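Below, each chain spelled out in residue letters.
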Amino acid sequence: MREKTIFEKIVDKEIPSKVVLEDSDFLAFHDIAPKAPVHVLIIPKKWIKDFNGIDSELMGKMSEFILKVADVTGVKESGYRLVTNIGPDSGQEVPHLHFHLLGKKKLDANFG
Ligand code: AMP
């Protein structure tokens, strides 16, 4: 059986997190090792390994949810970066789809 990811444990409140926004399908919480003054992770509550596995209906809802997170974190107008890592070459550490939302800092344009 597949082991629960750390993010599923966060959804199930087995591990604490600093929640930014939540609804029945998605959770947004502060990254434990922030790379910018605003660094929020946005995940579907249902386990999906990475972006390759999302369908368009859920992605549509997730886009709306991400825009709300951008709003409540105050970066919608000042600007932000939205990043999702997919698979080994990207350096994805947690195999549970998540978007990083980073803002309130002038970000380096070099993606490496
Ligand atoms: P990625 O490399 O895209 O898989 O990113 C995983 C992210 O999860 C990293 O930025 C970590 O700092 C973050 N992270 C890992 N464990 C936790 C946790 N318990 N709470 C919040 N963020 C976490």
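Details of the structure are given in the entry above.
Residues numbered from 1 in each chain as written. Predicted model: local features only at pLDDT ≥ 70, side-chain atom pairs only at ≥ 80, totals over all residues. Heavy atoms only, no water.

K.L.:
Would you explain the site of the ligand in this entry?
P.N.:
Taken together, 16 residues sit near the ligand, with D31, N85, E93, H98 and H100 positioned nearest. A distance of 3.4 Å is found between an oxygen atom of the ligand and a backbone nitrogen or oxygen belonging to G91. Within the contact set of the ligand, an oxygen atom lies 2.9 Å away from a side-chain nitrogen or oxygen of H100. When the free accessible area of the ligand is taken as 510 Å², the share hidden by the protein chains comes to 87%. Going through the elements one at a time, α1 (6-11) and β2 (26-30) are the ones with two or more residues in the shell around the ligand. For the shell around the ligand, the element with the most residues is α1, which contributes three residues. Per-class residue counts for the shell around the ligand are eight nonpolar, six polar and two charged. (Near = heavy atom within 4 Å. Polar contact = N/O pair within 3.5 Å; in protein donor to acceptor, adjacent residues only side chain to side chain. Areas by Shrake-Rupley, 256 points an atom, 1.4 Å probe, with all protein chains shown as cover. Helix = DSSP H or I, 4+ residues; strand = E, 2+ residues; numbered from the N terminus. Nonpolar A, V, L, I, M, F, W, Y, C, P; charged D, E, K, R; others polar.)

K.L.:
In this structure, what is going on with the pairing of strand β3 (residues 38-44)? I would like to understand it.
P.N.:
Along any regular strand, the residues point their side chains to alternate faces of the sheet. Burial analysis of β3 places seven of its seven residues in the buried class, which makes it a mostly covered element. Every second residue of β3 is oriented toward a common face, with V38, V40, I42 and P44 on one face and H39, L41 and I43 on the other, all of them buried. Pairing geometry for β2 and β3, over five bridges, is antiparallel. Each residue of the ladder has a partner; that of A28, found in β3, is I42. (Buried < 20%, exposed > 50% of the residue type's maximum accessible area, 1.4 Å probe, protein only. Pairing = 2+ DSSP bridges.)

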